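Inside the fold
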Amino acid sequence: QVQLVESGGGLVMAGGSLRLSCAPSGSIFSGVPMAWYRQAPGKQRVLVAAISGGGDRSNYADSVKGRFTISRDNAKNTVWLQMNSLKPEDTAVYYCNSGSWGQSYRAGDYWGQGTQVTVSS
């Protein structure tokens, strides 16, 4: 059974930084595109950032460009989301996802349990 385990969320003041980690289980990680999504209260889950299986391509939601960076280390079986210059509107539950990449990232069926990020003003 595939599991995606997120960590690194927390409470931070506006302007601060957090780094989220996602550690997929088993052999699904290597070569599989990965992404971070977030869901704020009362809103739909939206794509924040995605990275290709080899780590050579990435894309970001306009709202986080220049502030967030997605990266991965296939040897360590981990994908990260570095979040800088955090804003209160970044407050959400952040989810890791494994999917596919054609013209753009497509979410797969496997999701982590989510990690809460709260940014205070």
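Below, the structure is looked at part by part. (Residues numbered from 1 in each chain as written. Predicted model: local features only at pLDDT ≥ 70, side-chain atom pairs only at ≥ 80, totals over all residues. Heavy atoms only, no water.)

1. Considering the nonpolar core
Formed by 22 residues in total, the largest nonpolar core has its most connected members in W36, F68, V79, L81, M83 and Y94. Mapped onto this core, the elements with two or more residues apiece are β3 (18-24), β4 (34-39), β5 (46-51), β7 (68-73), β8 (78-83), β9 (92-101) and β11 (115-120). Once residues lying within four places of it in the same chain are set aside, the contact partners of Y94 are E6, L20, W36, Y37, R38, V48, F68, L81, M83, G114, T115 and V117. Listed in part, the 5 residues of the second largest apolar core include A35, A50, W101 and Y105. (Core = buried A, V, L, I, M, F, W, Y, C linked by side-chain atoms within 4.5 Å. Buried < 20%, exposed > 50% of the residue type's maximum accessible area, 1.4 Å probe, protein only. Helix = DSSP H or I, 4+ residues; strand = E, 2+ residues; numbered from the N terminus. Contact = heavy atoms within 4.5 Å.)

2. What about the side chain of D90?
Looking at the element boundaries, D90 is found in the loop between β8 and β9. In this structure D90 comes out as buried when scored by relative accessible area, which is 0%. A distance of 2.9 Å separates polar atoms of two side chains, one belonging to D90 and the other to R38. In this structure the side chain of D90 is engaged in a polar contact, spanning 2.7 Å, whose partner is the backbone nitrogen of K87. Once residues lying within four places of it in the same chain are set aside, the contact partners of D90 are R38, R67, F68, S85, V117 and V119. (Polar contact = N/O pair within 3.5 Å; in protein donor to acceptor, adjacent residues only side chain to side chain.)

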